[in-house]
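One letter stands for each residue in the lines below.
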Amino acid sequence: MERVFEEGTTIDRFLLDTAADFPESTGQFVNLMQSIVLAGKMISARVNRAGLSGLLGGTGEVNVQGEFVQLLDEYANNTFKRALEHGGHTCMIVSEEDEAPTLVPERFHSGRYVVTVDPLDGSSNIDVNVTIGTIFGIFARKTPEGTAATLEDALRPGSDLIAAGYIVYGSGTLLVLATDHGVHGFSLDPSVGEFFLSHNAIRVPERSTTYSINEAYREQFGEGTRAYLDRLKDPARKYGSRYIGTLVADFHRNLLKGGVFLYPGTAKSPGGKLRLLYEAFPCAYIVEKAGGAATNGKTRILDIVPKELHDRVPLVIGGKAEVEEATALMSPFPY
Ligand code: AHM
Ligand code: MG
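Residues numbered from 1 in each chain as written. Chains lettered and ligands numbered in written order. Predicted model: local features only at pLDDT ≥ 70, side-chain atom pairs only at ≥ 80, totals over all residues. Heavy atoms only, no water.

Participant: Could you clarify how one ought to interpret the overall build of the protein chain in this entry?
Facilitator: Along the backbone of the protein chain there are 7 helices and 15 strands. A compact globule built from 335 residues should have a C-alpha radius of gyration of about 20 Å, and the protein chain, at 19 Å, falls within 12% of that. If one aligns the C-alpha atoms of the protein chain with their principal axes, the spans along those axes are about 55 × 45 × 45 Å. With 335 residues in all, the protein chain has 56% of them scored as buried. Counting only contacts in the protein chain whose residues sit at least 6 apart along the sequence, the fraction spanning at least 24 positions is 64%. Here the protein chain has roughly 13900 Å² of accessible surface; of this, 51% comes from carbon and sulfur atoms. (Helix = DSSP H or I, 4+ residues; strand = E, 2+ residues; numbered from the N terminus. Rg over C-alpha atoms; globule rule 2.2 N^0.38 Å. Buried < 20%, exposed > 50% of the residue type's maximum accessible area, 1.4 Å probe, protein only. Contact = heavy atoms within 4.5 Å. Areas by Shrake-Rupley, 256 points an atom, 1.4 Å probe, with all protein chains shown as cover.)

Participant: I'm lost on the pattern of salt bridges in this one. Help?
Facilitator: Once the charged atoms of two side chains with opposite charge are near each other, the side chains can pair. Under the defined criterion, the tally for this structure stands at 15 salt bridges. A salt bridge links K289 to D180; the nearest nitrogen and oxygen atoms lie 3.0 Å apart. Taken as a pair, K289 in helix α6 (residues 276-289) and D180 in the loop between β8 (173-179) and β9 (182-189) lie far apart in primary sequence, 109 residues in all. Of the charged contacts in the structure, one is a salt bridge between K233 and E215, with a shortest N-O distance of 2.5 Å. Separated by 18 residues along the polypeptide, K233 in the loop between α4 (223-232) and β12 (240-241) and E215 in the loop between β11 (210-212) and α4 bring together distant segments of the chain. (Salt bridge = Lys/Arg side-chain N within 4 Å of Asp/Glu carboxyl O.)

Participant: Explain the coordination of the magnesium ion (ligand 2) here, please?
Facilitator: Each donor-metal-donor angle would ideally measure 109.5 degrees in four-coordinate tetrahedral geometry, or 90 or 180 degrees in six-coordinate octahedral geometry. The coordination sphere of the magnesium ion (ligand 2) contains the protein donors D118 (OD), D121 (OD) and E279 (OE), at a distance range of 1.9 to 2.1 Å. Each donor residue of the magnesium ion (ligand 2) lies on the same chain, and together they follow the pattern D-x2-D-x157-E. Linking D118 in strand β5 (residues 113-121) with E279 in helix α6, this pair joins segments that are 161 residues apart in sequence. A residue is classified by how much of its surface remains accessible, and D118, at 1% relative accessible area, is buried. (Donors = N, O, S within 2.8 Å, 3.2 Å for Na, K, Ca; no water.)

Participant: In this structure, what is going on with unusual backbone geometry? I would like to understand it.
Facilitator: Among all residues save glycine, negative phi is the norm, and among peptide bonds the norm is trans. One non-glycine residue with positive phi stands out, namely N129, at about 55°. Residue position: N129 is located in the loop between β5 and β6 (132-140). We classify N129 as exposed; its relative accessible area is 75%. Residues other than glycine seldom take positive phi values, yet A201 does so here, at roughly 45°. Counting through the fold element by element, A201 comes out in the loop between β10 (194-199) and β11.

Structure (structure tokens):
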């Protein structure tokens, strides 16, 4: 359902207008998105003041991924969980920072949606003022509303997502939301605390001249990945490389300007580094809604069924023609 919205439409107006297309809508999705917007505004405010409010640096703890937890990671995770738990729209939150899923406590209504979230992607960039972001995916639960959610509600293919998005905290704060209504970007005006439509109906170019990969791992990549990189370096193709090291920031740039992002498997980690449920799935959902594609080198990302909440996956994502070219070269090899 493509609809045309005027620039400057508030995100609230956008959500209410699009919900009106679904007569069976109960309002829970709109409420859920309003909670995500609130959490995003709170995190954005903290990110902007982090250096002044003692929020740079680590907590001294290591998370489920074996990575050092930064103070802002912890703040973002708690903010998200608090915003989502109380609204009566969410039943389960799967976060990068928590080994177990968070079930909405019995004293609140266990609502219709499962939210997967990387509360603060790009942790290694926090302390150096480089763009970071939040990534989220939304499933409608399988088990009945009002009961405790189970793993069955979260361990399912990405094609079951009903919405996904991200918030980038960069030179400005931008929320990108993908639904059946397409992909739209809303910029935060901090002076009024409101997100306004600034990027209408985003489409990713089929082809571009940008690739994003951590090429320091080149010798560890599989044969197909190396062959693909060699092809891109043909001077006639005029490719340039951009790599921020924050998935959501690299993905965002490529979504708007065109490009292909790769975090493939390596000899040491053939299964890749990025996480399926709250990094690859949401980005794959968004890119497909914008006309692009995402694969693990063999299989469409959204067709993969997770075995565990924190599964990792190799990721190649971006313009359709670029992902197809990479897949043709990568698919014969084990990683
Ligand atoms: P994070 O979720 O803990 O921040 O880790 C994921 C990040 C991605 O944002 C980024 O694409 C990747 O790790 C960078 O990894 P590397 O430093 O190996 O290139
Ligand atoms: Mg991340």
